[in-house]
Amino acid sequence: MKRILLFLMSVVMSFSMLAQVKQVSKTIKACKYFDFLVPAPYSGVPMRAGHMLEISYSSKDGRYGIDYKLGDKRVMVSCRYDSQLSDGRYRYAGIEINSMRETQVITKEKLNKFLEYYGQEQLSTFEDDKSICVEMAYMGPLYIYPLKNTSKLQVAIAKQAKEREKEKREKEELQLGKDTYERLCSYTAKNEFNDSVKTFVLNKILENKSLFEKLKLKELSRKIDCIGCVESTGAIKIVKIGEYFLDDILFKEYSSQDNIKYATREGGKLFKDKAFFMATFNPNDIGYKVVNYGEIKIVGKDRKVVRNNLRAGYITTDVLDIIDSKRLKRGSYDLYFETIGGKVIFIKAKKQINPAVSFACAISVVLIPVLLIQPKNKVIYDFYD
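**Regarding a negative patch on the surface**
Part 1: On the surface, a cluster of negative charge is contributed by Glu165, Glu170, Glu172 and Glu173.
Part 2: On the secondary structure map, Glu173 appears in helix 2 (residues 151-184).

**Looking at unusual backbone geometry**
Part 1: With phi around 60 degrees, Tyr117 is a residue other than glycine that occupies positive phi space.
Part 2: Along the chain, Tyr117 falls in the loop between strand 8 (101-107) and strand 9 (132-136).
Part 3: Positive phi, close to 70 degrees, is recorded for Tyr138, a residue that is not glycine.
Part 4: Tracing the backbone shows Tyr138 in the loop between strand 9 and strand 10 (142-147).
Part 5: In this structure Tyr138 comes out as exposed when scored by relative accessible area, which is 81%.

**Description of the packing of aromatic side chains**
Part 1: In this structure the tally under the stated criterion is 16 aromatic pairs.
Part 2: Ring centres 4.3 Å apart and planes at 25 degrees place the aromatic pair Phe126 and Tyr145 in the stacked group. Of this pair, Phe126 sits in the loop between strand 8 and strand 9 while Tyr145 sits in strand 10, and the two are 19 residues apart along the sequence.
Part 3: According to the relative accessible area criterion, Tyr145 is buried, its value standing at 7%.

**Side note on helix 2**
Part 1: For helix 2, spanning 34 residues, the distance from its first C-alpha to its last is 49 Å, which sits close to the expected 50 Å at 1.5 Å a residue.
Part 2: Those residues of helix 2 lying buried are Leu153, Ile157, Gln160, Gly177, Thr180, Tyr181 and Leu184.

**Quick notes on the side chain of Glu231**
Part 1: Structurally, the position occupied by Glu231 is in strand 11 (residues 224-231).
Part 2: Residue contacts for Glu231: discarding those within four places in its chain leaves Leu184, Lys237, Asp273 and Lys274.

**Looking at the layout of surface pockets**
Part 1: Of the voids in this model, the largest pocket is the one considered here, and its volume is about 270 Å³.
Part 2: Lining the largest pocket are 13 residues; nearest its centre among them are Val201, Leu211, Ile224, Glu243 and Tyr244.
Part 3: Considering every element that reaches the lining of the largest pocket, the biggest residue donor is helix 3 (residues 187-207), with four residues.
Part 4: Classifying every residue of the lining of the largest pocket by side-chain character gives nine nonpolar, two polar and two charged.

So, how was this worked out
- Residues numbered from 1 in each chain as written.
- Predicted model: local features only at pLDDT ≥ 70, side-chain atom pairs only at ≥ 80, totals over all residues.
- Heavy atoms only, no water.
- Patch = residues over 30% accessible without salt bridge, like charges linked within 9 Å, V, L, I, M, F, W, Y side chains within 5 Å.
- Areas by Shrake-Rupley, 256 points an atom, 1.4 Å probe, with all protein chains shown as cover.
- Salt bridge = Lys/Arg side-chain N within 4 Å of Asp/Glu carboxyl O.
- Lys, Arg positive; Asp, Glu negative; His and termini not counted.
- Charge placed at Lys NZ, Arg CZ, Asp CG, Glu CD.
- Helix = DSSP H or I, 4+ residues; strand = E, 2+ residues; numbered from the N terminus.
- Buried < 20%, exposed > 50% of the residue type's maximum accessible area, 1.4 Å probe, protein only.
- Phe/Tyr/Trp six-rings, centres within 6.5 Å; stacked < 30°, edge-to-face > 60°.
- Expected span 1.5 Å × (residues − 1).
- Contact = heavy atoms within 4.5 Å.
- 1 Å grid on protein atoms, 1.4 Å probe; cavity = no way out; pocket = protein on both sides within 12 Å on 5 of 7 lines; lining within 4 Å.
- Points joined across faces, edges and corners; volume = space filled by probe spheres on them.
- Nonpolar A, V, L, I, M, F, W, Y, C, P; charged D, E, K, R; others polar.

In structure tokens:
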């Protein structure tokens, strides 16, 4: 008996629920779209929102409902038909339920057409007649393009997903290459490379008298193109300086277009575990300096230099060492020397005479001018000799 009563109650409840569904279906009609397109920020290209869109209509009060989510924000619009615009589009006026802002919806086709699963079937472009423009007070318009779920569209979505995954992977690899390149081609590494180039060019100038003369006259090329390489170990190598190829194997790698992990607009490249970079060097930046006045004094049995007075410039340690090795006569000297890249290349000295001796000589030999007994400049060191 109890089983019969339970069966009758379940039948009654089923009929009651069916009656409610039929009643709802008579007053409210709804259509759900699995996704919709919106213009991407800045670029405006079609972009999937990634959320469901529902459009409904209540015949009881003649109002349309638009329910969608964009990002983390859910929007629920309730509106009713208002008027037809001069360009033929339809305007619906209402409010956004969550914010209670006044809202208008503008469509090219009437909203009731979207209750019949009226949506786009492709992803690459917008179909103007499928747009639903939602304009809320104090906010710009948002154009929504419902997507109609078809097998063709699903294939396109899968293809797009693969392309985006590939693009993401390529961006990650590019960023990894950029990070590796910047780590290898650090500020310190480039400074070390510049020092190596400077040393190389300086040696070439010192080997060639004419190059040195050009440097003195500032007639050398203003720019020399250089290529450097930093290996994963941190070792820095010169690949090319101007017309000089210092490593043919590395230059061949640099010239190859294969296996490039990262490249810069300045000509830098990352190959596997090597980072190549371009640089320019100005030979005129090598410091050529003339020190015209410096006074030294030679004293003692070993005739070592004692610094006495420096009227201009400075006397470097290597200059003093060279003078010591020449074992000049004791006394004071006016010094003239030249350096290039901090390296001394020429030294000339003029011995000072005692004023009292000079005066005595002038008195005793009246016909001999004092200038005749003045000491002459003596070249004590020349790099090119």
